[in-house]
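Summary of the model geometry
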Amino acid sequence: MVESGGTGDGALAIFLGDGKGDFRKSARYKLGPASGAVAVADFNGDGHLDIAATNAGVNGVGGSVMVFFGMGNGKFHAPAVYKFNGYLDAIATADLNGDHHPDIVAAADGSSNVTVLMNDGRGGFKSQRTYSAAQGADGIAIADFRHNGILDLAVSGSHAVAVLLGNGDGTFGTAILYSTDVGNGDAFAVVAADFRGDGKLDLAVERDNGPSALLYGNGDGTFQAAIPIKTRENGGFSLTVGDFNKDGFPDLAMDALGSGDRVKSVAVLINAH
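Keep in mind that what you see is a predicted model, and the values were worked out from it rather than measured. (Residues numbered from 1 in each chain as written. Predicted model: local features only at pLDDT ≥ 70, side-chain atom pairs only at ≥ 80, totals over all residues. Heavy atoms only, no water.)

Details of the overall build of the protein
Each helix and strand in the protein was counted, giving zero helices and 22 strands. Taken across its 273 residues, the protein has 47% of its residues classed as buried. Look at the contacts in the protein between residues 6 or more apart in sequence, and 40% of them connect residues 24 or more apart. As displayed, the protein offers around 12,700 Å² of accessible surface, 50% of which is attributable to carbon and sulfur atoms. (Helix = DSSP H or I, 4+ residues; strand = E, 2+ residues; numbered from the N terminus. Buried < 20%, exposed > 50% of the residue type's maximum accessible area, 1.4 Å probe, protein only. Contact = heavy atoms within 4.5 Å. Areas by Shrake-Rupley, 256 points an atom, 1.4 Å probe, with all protein chains shown as cover.)

So, in structure tokens, the structure goes:
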């Protein structure tokens, strides 16, 4: 997990499970200011899980991605640091070019940019390419929206989700924007799943005020107009997808904010299919 108390001293904490549902703290590593998101994968191919963490920076300066290589015992080596000009807030990982090495995608809140960092096969990420996405980029989903074996990107922003179709070599086409304005507030997290069970991936986007948004996919990389996801609580900053009742259909869980942007509750939405 990552945390940032507003002091400029963010931290990455490692908690190891005991197999019974309890956890113990294994290690703690210093990050930069306003750390906010992590992605986990075996980046250097040594069989041990590694961690990539974002630092937002201060006033758009000092943002970075820090890659910690795992030792296999719950502890990690000193990180490799990749600097960015931008308020990095979201990160995701997947093999974008089919070379069996996980790459990194990072989004910069406060701008409209998403950056792809290509793995050199040894856990290095010197090759970077930046794309225009949605203003205030805050969330990333990586999925094959066209069912052609090529991964695509969905990046949620303030009032839209940007879909960038992949070329199969780690590069992407021009972003297509889909409005998420189904009420007040800005869009934050985004997830992809086949909510209707029709074999086509859809998008769910959580907003920080009012209803969140659902965009049904057409199966060709395009999406229908957003419709509201109504809950009894206000919006939030994060959501996740899973089959919580084991009926074969994806459900949603999203946080709900209280005063001071603090999480008040978690809403679980069961798919009515």
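Overview of the environment of Tyr131
Inspection of the secondary structure puts Tyr131 in strand 11 (residues 127-132). On the basis of relative accessibility, which here comes to 11%, the residue Tyr131 falls in the buried class. Here the alpha-carbon distance between Tyr131 and Thr171, two residues 40 residues apart in the chain, equals 9.4 Å. With residues up to four places along the chain from it excluded, the contact list for Tyr131 reads Ser112, Asn113, Val114, Val116, Leu164, Gly170, Thr171 and Phe172.

Re the sheet that holds strand 7 (residues 80-84)
What the four strands build is an open sheet, ordered 4-5-6-7; its pairing is antiparallel. The open sheet is flanked by strand 4 (35-41) and strand 7, the only strands paired with a single partner. When strand polarity is set aside, the average angle formed by the axes of neighbouring strands in this sheet is 20°. Relative to strand 5 (residues 50-55), strand 4 runs antiparallel, the two sharing five bridges. (Pairing = 2+ DSSP bridges. Axes fitted to C-alpha atoms, helices over the stretch in contact; angles between N-to-C directions.)

Remarks on the layout of surface pockets
Approximately 820 Å³ is the volume attributed to the largest pocket. Together, 27 residues line the largest pocket, and Gly36, Asp89, Phe188, Phe237 and Ser238 are the ones closest to its centre. Among the elements of the structure, strand 4, strand 8 (87-94), strand 12 (139-143) and strand 16 (187-193) are those that each provide at least two residues to the lining of the largest pocket. It is strand 8 that contributes the most residues to the lining of the largest pocket, six residues altogether. In this structure, the second largest pocket spans a volume of roughly 240 Å³. Put simply, the parts of the chain that give the lining of the second largest pocket at least two residues each are strand 19 (227-229) and strand 21 (251-257). Per element, the largest residue contribution to the lining of the second largest pocket is three residues, and it comes from strand 19. Of the residues assigned to the lining of the second largest pocket, the class counts are eleven nonpolar, two polar and two charged. (1 Å grid on protein atoms, 1.4 Å probe; cavity = no way out; pocket = protein on both sides within 12 Å on 5 of 7 lines; lining within 4 Å. Points joined across faces, edges and corners; volume = space filled by probe spheres on them. Nonpolar A, V, L, I, M, F, W, Y, C, P; charged D, E, K, R; others polar.)

Remarks on the sheet that holds strand 12
Consider a sheet: its strands pair through backbone hydrogen bonds, and that pairing is either parallel or antiparallel. An order of 12-13-14-15 is seen for the four strands of this open sheet, with the pairing classed as antiparallel. Edge positions in the open sheet fall to strand 12 and strand 15 (176-179), since each of these has one partner strand only. Going across the sheet, the axis of each strand differs from the next one's by a mean of 20°, ignoring polarity. Bridge analysis of strand 14 (residues 160-164) against strand 15 gives four bridges, and the strand direction is antiparallel. Residue pairing for strand 15: Val163 is matched across the bridge by Ile176.

Describing the packing of aromatic side chains
Under the defined criterion, the tally for this structure stands at seven aromatic pairs. Pairing Phe43 with Phe125 gives two aromatic rings, centres 5.6 Å apart and planes at 85°, and the pair type is edge-to-face. On the criterion of sequence distance, the pair formed by Phe43 in the loop between strand 4 and strand 5 and Phe125 in the loop between strand 10 (113-118) and strand 11 is long-range, its members being 82 residues apart. The burial state of Phe43 is the same as that of Phe125; both residues are buried. Of the aromatic side chains, those joined through ring pairs into one cluster are Tyr29, Phe68 and Phe76. For Arg196, the ring lying beneath its charged end belongs to Tyr216, and the centroid distance is 4.1 Å. (Phe/Tyr/Trp six-rings, centres within 6.5 Å; stacked < 30°, edge-to-face > 60°. Lys NZ or Arg CZ within 6 Å of the ring centre and 35° of its normal.)

Some thoughts on the pairing of strand 13 (residues 152-156)
Within strand 13, five of the five residues are buried, which leaves the element mostly enclosed by the surrounding structure. The two faces of strand 13 match: Asp152, Ala154 and Ser156 on one face and Leu153 and Val155 on the other face are all buried. Bridge analysis of strand 13 against strand 14 gives four bridges, and the strand direction is antiparallel. Across the sheet, the residue bridging to Val155 is Ala162, located in strand 14.

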